[in-house]
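Structural characterization, general
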Amino acid sequence: MTADTAQNRTFTHPNVAEVDQTDRLVPVNLRQSGGTPVEMLVSTRVRKSPFWHLSVEAGAWRATVYNRMYHPRGYVREEDGGTMAEYRSLVHRVTLWDVAVERQIRVRGPDAEAFVNFVITRDATKIKSMHGKYCILCDAKGGILNDPVLLRLSEDEFWFSISDSDLLLWLRGVNVHGHWDVEIDEIDVAPLQVQGPLSEDLMVDLVDEALRDVPYYGMMEATIGGAPVVISQTGFSGEKGYEVYVRDASENAEKVWYAIRGTGARYGLRVIAPGHHRRIAAGILSWGQDMDHETSPFQVNLAYQVPKEKQADYIGKATLERQRDAIEAGNYPFNLKMVGIKMGGLPVTDYPSDFWLVQDEDGNRVGYVTSAWWSPELEVNIALAFVPWTLSDIGSRLQVELPEAYAEHSGQAASADVCEVPFRPSEHPNVREARG
């Protein structure tokens with residue numbers, strides 16, 4: 001057994017008491033257990049998406065579980081360039097992602113707008129038909145339950161394209177007494193993402209020139225491979241891109257998948273895992289990794305999701321307004337805040353298996369990294385991290401305890417600095433980026 005393997009199998013370290021996690025009832029597990037040598041069990045209790053067999057055919061060799069579905073997270077093997085080869089295809093050409101794990105929850109009925117407006121923090125009445133918005137849903141304590149893309153198909157029909165938490169049960173629970181005249185269901189619609197600088201030309205080839213008129217967060221109905229789809233100009237990468245929502249996906253998955261791959265071959269299309277390396281550079285958050293139900297939007301640069309001008313009541317409004325009032329009075333009500341950092345060490349070229357520990361300049365453990373990757377353009381490791389409010393100013397000096405695989409000097413923390421987010425601009429800079 002190698003030293004690395006022995007370390008991976010040692011779980012005697014206590015959770016790191018030095019890092020103040022009193023903002024939470026259930027602390028984040030900060031034990032540095034490393035890449036545990038286990039194999040995923042594929043069984044029927046976790047759903048396979050309509051694209052699962054197609055992803056395996058395309059070379060998917062590893063996966064995780066997201067929304068109780070198997071989620072492909074690697075196609076190019078390390079010996080062939082690994083995740084950074086996938087990254088190059090994303091930022092220079094065009095890529096196809098299986099993101100059926102973004103389950104589609106439909107709210108439909110006469111009271112759909114009123115119900116949606118009550119469960120999201122943004123103003124649903126301002127979303128026009130065939131347009132969408134990135135939004136959050138919070139609980140009464142102001143914790144973020146989900147951060148979906150919300151699509152408005154018509155006056156009385158919305159789709160929540162959800163992140164990794166069970167929003168269907170929450171929405172049904174909110175309406176358990178039937179105060180709103182709506183139907184709330186998961187539907188047989190599964191999305192694919194087509195992302196990269198050549199995505200528009202590819203999608204025009206697949207559909208027609210009308211696609212060029214679809215604005216950012218705009219939508220259109222179309223057919224691909226003879227199957228009905230809804231297309232939105234959205235994505236999880238910061239690059240130009242589209243999401244293709246396949247209707248009746250259990251029947252039409254192959255038609256759409258092979259049509260995109262066939263036309264995409266002319267553009268050098270590559271099937272890849274979702275581009276976490278690029279979304280980190282854009283400052284895009286991942287629910288469950290960078291935030292969860294014990295995280296306030298004010299901790300993770302989502303204050304713009306709590307608009308002062310929304311008059312209607314919504315879940316969490318009273319708590320969120322109290323938090324905002326405290327911040328504006330100079331009394332930050334949380335111990336930790338998310339920041340962007342640039343850090344030393346060898347290039348981070350794969351998903352971290354732990355929340356790496358952050359130190360202050362004196363070597364005291366004060367926080368933790370949630371997402372990290374190497375930026376080829378900036379030639380530095382970039383990361384999102386929770387640190388004390390007092391260390392969140394741009395230019396604050398920190399250190400990060402990297403695993404041995406990425407440490408330039410064994411046992412020595414890498415230097416880090418708090419910096420502006422996004423690290424790289426997106427194709428469509430949004431409010432989050434404009435406000436820092």
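Residues numbered from 1 in each chain as written. Predicted model: local features only at pLDDT ≥ 70, side-chain atom pairs only at ≥ 80, totals over all residues. Heavy atoms only, no water.

Quick look at the pairing of strand E11 (residues 189-195)
Put simply, the rule is: Classification of residues uses two cut-offs on accessible area relative to the type maximum, computed with a 1.4 Å probe and protein chains only: under 20% is buried, over 50% is exposed, and between them is partly exposed. In this text, helices come from DSSP runs of H or I with a minimum length of four residues, and strands from runs of E with a minimum of two, each type numbered from the N-terminal end. DSSP bridges decide pairing: two strands pair if at least two such bridges lie between them.
Here E11 lies mainly inside the structure; seven of its seven residues are buried. Burial along E11 is two-sided: the residues Val189, Pro191, Gln193 and Gln195 and Ala190, Leu192 and Val194 are all buried. Here four bridges tie strand E3 (residues 95-98) to E11, and the two strands are oriented antiparallel to one another. Looking across to E11, one finds that Thr95 is bridged to Gln195.

Observations concerning unusual backbone geometry
Most of the time, phi is negative for any residue but glycine, and the peptide bond is trans. Look at the link from Val421 to Pro422: it is a cis peptide, with omega at 10°. Its identity as a non-glycine residue notwithstanding, Met130 has a phi of 60°, on the positive side.

Some points on the side chain of Asp292
What counts here: For this analysis, residues touch if any pair of their heavy atoms sits within 4.5 Å.
Within the fold, Asp292 resides in the loop between helix H8 (276-281) and helix H9 (317-328). Excluding residues that lie within four positions of it along the chain, Asp292 makes contacts with Arg24, Gly143, Ile144 and Trp287.

Things to note about the nonpolar core
One broad trend across soluble globular proteins is that nonpolar side chains are buried collectively. To keep things clear, this is the line we draw: Definition used in this section: a nonpolar core is a set of buried Ala, Val, Leu, Ile, Met, Phe, Trp, Tyr and Cys residues joined via side-chain atoms within 4.5 Å.
Residues Ile144, Trp159, Met291, Val300 and Leu302 are the most contacted members of the largest nonpolar core, which totals 54 residues. Elements represented by at least two residues in this core include exactly helix H3 (82-92), strand E8 (149-154), H8, strand E16 (336-343), strand E18 (365-375) and strand E19 (380-388). Setting aside its immediate chain neighbours within four residues, Leu302 contacts Tyr134, Ile136, Ile144, Leu285, Met291 and Pro297. Judged by nonpolar contacts, the second largest core, of 38 residues, contains Val94, Val229, Ile231 and Tyr267.

Things to note about the sheet that holds strand E4 (residues 104-108)
Defined as follows: The axes used here are C-alpha line fits, helices contributing only the stretch in contact, and every angle between their N-to-C directions lies in the interval 0 to 180 degrees.
Pairing is antiparallel across the open sheet formed by five strands, whose spatial order is E5-E8-E9-E4-E10. Two strands close off the open sheet at either side, each with one partner strand: strand E5 (131-134) and strand E10 (183-186). Neighbour-to-neighbour, the strand axes of this sheet turn through a mean angle of 20°, independent of strand direction. Bridge analysis of E4 against strand E9 (residues 157-161) gives five bridges, and the strand direction is antiparallel. Counted as the bridge partner of Arg108 is Glu157 from E9. Running over the sheet, helix H4 (residues 112-119) touches E4, E8, E9 and E10 and is turned about 30° from E9.

Some words on the pattern of salt bridges
Rules: The salt bridge definition used is simple: a Lys or Arg side-chain nitrogen within 4 Å of an Asp or Glu carboxyl oxygen.
Evaluation of the coordinates by the stated rule reveals 23 salt bridges. Of the charged contacts, one joins Asp166 and Arg68 as a salt bridge, the two residues approaching to 2.8 Å between their closest N and O atoms. Of the two residues, Asp166 is situated in the loop between E9 and helix H5 (167-174) and Arg68 in the loop between strand E1 (62-66) and strand E2 (69-74); the sequence distance between them amounts to 98 residues. On the accessibility criterion, Arg68 (47% relative accessible area) is partly exposed. A salt bridge links Asp205 to Arg266; the nearest nitrogen and oxygen atoms lie 3.0 Å apart. Residue Asp205 is located in helix H6 (residues 199-206), and its partner Arg266 is located in the loop between helix H7 (249-264) and strand E15 (270-271); the two are separated by 61 residues in the primary sequence. A single network of salt bridges, built from pairs that share partners, joins Glu200, Asp201, Glu209, Arg212 and Lys240.

Section: the packing of aromatic side chains
Quick reminder of the rule: Only Phe, Tyr and Trp rings take part, Trp by its six-membered ring, and two of them pair if their centres are within 6.5 Å. Stacked means planes under 30 degrees apart, edge-to-face means over 60, and tilted covers everything else.
If you walk through the whole model with that rule in mind, you get twelve aromatic pairs. Measuring from centroid to centroid gives 5.3 Å for Phe115 and Trp180, while their planes differ by 70°, and the two rings are edge-to-face. Note that Phe115 is positioned in helix H4 and Trp180 in the loop between H5 and E10, a separation of 65 residues in sequence. For the pair Phe115 and Trp180, one class covers both residues: buried. Clustering of aromatic rings is evident, with ring pairs tying together Phe115, Phe118 and Trp180.

Digging into the side chain of Arg106
Here is the rule: This count recognises Lys and Arg as positive and Asp and Glu as negative, with His and chain-terminal groups excluded.
By the secondary structure assignment, Arg106 is in strand E4. Although Arg106 is buried, it forms no salt bridge, and the closest oppositely charged side chain is Asp185 at an N-O distance of 4.4 Å. Apart from the residues within four sequence positions on either side, Arg106 is in contact with Glu157, Phe158, Trp159, Glu183, Ile184, Asp185 and Ile187.

What about H9?
Helical periodicity: at 3.6 residues per turn, an α-helix aligns residues three or four positions apart in one direction. Quick reminder of the rule: One less than the number of residues in a helix, times 1.5 Å, gives the span that helix is expected to have. The directions from the helix axis to the C-beta atoms form the arc being described.
When the terminal C-alpha atoms of H9 are compared, their 16 Å separation across twelve residues agrees well with the 16 Å that a helix rising 1.5 Å per residue should span. Residues Lys317, Thr319, Leu320, Gln323 and Arg324 constitute the buried set of H9. Considered in projection along H9, the buried side chains sweep an arc of 165° and stay on one side of the axis. Looking at the buried side of H9, the elements it contacts are strand E6 (137-138). Phi turns positive, to about 90°, at Gly330, one or two residues after H9.

A closer look at a nonpolar patch on the surface
Going by this rule: For patch detection, residues must exceed 30% relative accessible area and be free of salt bridges, and they are connected within 9 Å for like charges or within 5 Å for nonpolar side chains (Val, Leu, Ile, Met, Phe, Trp, Tyr). In short, Shrake-Rupley with a 1.4 Å probe defines the accessible areas, and a residue's cover is counted only from the protein chains shown.
There is a patch of nonpolar side chains on the surface, built from Met40, Val42 and Val65 and spanning about 220 Å² of accessible area. In this fold, Met40 is placed in the loop between helix H1 (3-8) and helix H2 (52-57). Assessed through its relative accessible area of 35%, Met40 is described here as partly exposed.

Here's the deal with the confidence of the model for the chain
Going by this rule: Confidence per residue, as judged by the predictor, is encoded in pLDDT with a range of 0 to 100.
In the predicted model, the chain carries a mean pLDDT of 94, and 95% of its residues have values of at least 70. Every residue in residues 1-12 scores below 50 in pLDDT, and together they form ten contacts with partners more than four places removed in sequence or on other chains. Here residues 432-436 scores under 50 on pLDDT; set against residues more than four positions off or in separate chains, the count is twelve contacts.

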